[in-house]
2 protein chains.
Amino acid sequence: MTYDNAITALADPTRRAVFEALAVKPQSVADLAQGQPVSRPAVSQHLKVLVGARLVKATPQGTRRIYALDPTGLIALRAYLDRFWDDTLGAYAAEVRRQSAN
Amino acid sequence: MTYDNAITALADPTRRAVFEALAVKPQSVADLAQGQPVSRPAVSQHLKVLVGARLVKATPQGTRRIYALDPTGLIALRAYLDRFWDDTLGAYAAEVRRQSAN
DNA sequence: CATTATCGTAAGTCATAACTTACCGTAAGC
DNA sequence: GCTTACGGTAAGTTATGACTTACGATAATG
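Reading guide: rules and limits
- Residues numbered from 1 in each chain as written.
- Chains lettered and ligands numbered in written order.
- Predicted model: local features only at pLDDT ≥ 70, side-chain atom pairs only at ≥ 80, totals over all residues.
- Heavy atoms only, no water.
- Helix = DSSP H or I, 4+ residues; strand = E, 2+ residues; numbered from the N terminus.
- Buried < 20%, exposed > 50% of the residue type's maximum accessible area, 1.4 Å probe, protein only.
- Contact = heavy atoms within 4.5 Å.
- Areas by Shrake-Rupley, 256 points an atom, 1.4 Å probe, with all protein chains shown as cover.
- Salt bridge = Lys/Arg side-chain N within 4 Å of Asp/Glu carboxyl O.
- Near = heavy atom within 4 Å.
- Polar contact = N/O pair within 3.5 Å; in protein donor to acceptor, adjacent residues only side chain to side chain.
- Least-squares fit on C-alpha atoms with pLDDT ≥ 70 in both.
- Axes fitted to C-alpha atoms, helices over the stretch in contact; angles between N-to-C directions.
- Parallel < 35°, antiparallel > 145°, perpendicular 65-115°, else oblique.
- Nonpolar A, V, L, I, M, F, W, Y, C, P; charged D, E, K, R; others polar.
- Buried area = accessible area lost by both parts, 1.4 Å probe.

Taking an unreviewed UniProt entry as the reference, chain A is identified by name as HTH-type transcriptional regulator belonging to Roseovarius aestuarii.

J.: Give a detailed account of the overall build of chain A, specifying residues and quantitative values.
T.: For chain A, the count of helices and strands is five helices and three strands. Relative to its 102 residues, chain A shows a buried fraction of 43%. Taking as baseline every contact in chain A between residues at least 6 positions apart, the subset at least 24 positions apart corresponds to 53%. Working note: accessible area of chain A is about 5,500 Å², and carbon and sulfur atoms make up 53% of it.

J.: Describe in detail the pattern of salt bridges, supporting the description with residues and values.
T.: For the structure on display, the rule yields four salt bridges over all chains. Asp82(A) is the partner of Arg78(B) in a salt bridge, and the nearest nitrogen-oxygen pair spans 2.4 Å. Placement of Arg78(B) in helix H5 (residues 71-100) and of Asp82(A) in helix H5 (residues 71-100) is noted, with the two residues assigned to different chains.

J.: Requested: an account of the protein's contact with DNA strand D, with residues and values cited.
T.: Around DNA strand D sit 22 residues in total, of which Arg15(A), Ser39(A), His46(A), Ser44(B) and Tyr67(B) are the nearest. One nitrogen or oxygen atom from the side chain of Gln45(A) is found 3.1 Å from a base oxygen belonging to DNA strand D. Elements that contribute at least two residues to the surface near DNA strand D include exactly helix H2 (13-24) and helix H4 (40-52) of chain A together with helix H3 (29-34), helix H4 (40-52) and strand E2 (64-69) of chain B. Counting residues per element, the surface near DNA strand D draws most heavily on H4(B), at five residues.

J.: Give me the relation of the copies chain B and chain A: which residues, what numbers.
T.: Superposition record for chain B on chain A: RMSD 0.0 Å, screw rotation 180°, translation along axis 0.0 Å. This pairing of chains is accounted for by a two-fold axis. Of the interface residues in chain B, 100% have counterparts in chain A that sit at the interface too, so the contact is made through matching surfaces.

J.: Quick one: what's the story with the packing of helix H1 (residues 3-11) of chain B against helix H2 (residues 13-24) of chain B, residue by residue and with numbers?
T.: Angle between the axes and distance between the axes: these two values describe a pair of packed helices. Residues and elements named next belong to chain B. Relative to each other, H1 and H2 sit at 100°, their axes nearing to 5 Å. The orientation of H1 with respect to H2, classified from their angle, is roughly perpendicular. Of H2, the residues touching H1 (which contributes Thr8, Ala9, Leu10 and Ala11) are Pro13, Arg15, Arg16 and Phe19. Of the residues belonging to the contact of H1 with H2, the class tally is five nonpolar, one polar and two charged.

J.: I'd like a rundown of the interface of chain B and chain A, residues and numbers included.
T.: Often the size quoted for an interface is simply the accessible area lost on bringing the parts together. Counting from both sides, the interface comprises 29 residues of chain B and, opposite them, 30 residues of chain A. For the pair chain B and chain A, the summed buried surface comes to about 2,900 Å²; carbon and sulfur atoms form 68% of the total. On inspection of chain B and its partner chain A, the count reaches four residue pairs in polar contact (both at pLDDT 80 or more). When residues of the side of chain B that touches chain A are traced back to their parent elements, those giving at least two are H1, H2, strand E1 (56-61) and H5 of chain B. For the side of chain B that touches chain A, the element with the most residues is H5(B), which contributes 16 residues. Taken together, the residues of the side of chain B that touches chain A break down into 17 nonpolar, four polar and eight charged.

What follows is the structure in structure tokens.
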């Protein structure tokens, strides 16, 4: 049940911005806060959520912590969405067929 | 920019439950409310959000409205996640390589 | 050691959004 | 045409979560 944490985490715009910044390159908390319109503690709290969702991973380096992407959460989220992929396309095809039948 | 509506929409548990119920089969609002622990207006409001995210589509049928899945939102959401797919796996591979180098 | 840099956490504020009940419009059935 | 089903919307309440400032802990630096 990690996928719902991932969805919840990525639902917030600021958190998504942090996630996207880490996709560019791994960064420290201060570096991330530098590029965001919120305070450093706010970024820190967002990172906590992202780590909980397994979307992000921290590696201590001296007094700093370098955050980077963790594929685990994304894999879980994608797997969840894939469960509906065939259903959705199938339903859509059936819909198109039904409307064409008129 | 439909993908962020889709993420926001699927972030809510009740809305996800409605979405999953529609994945099983198209249903009316009353039918959906029947299977959920919330009131019918609540379901109606959730459906409005899901429609806005292009995750769900309504087809009027007499006084009832049959809701069904709309692939548009899912496609957009999946496309967004795919943007990070290679980055994430690449970053992970680099990480593994780095740790193996010790 | 003392200082400085980096970060996490606590506490409190404020906006938002997920509910509820009540109400109104609209299409079918008798 | 009246009534009945169905569903969307309005209004109000309440919980949650996204932010702020203040503080504490830890590791490098001189």
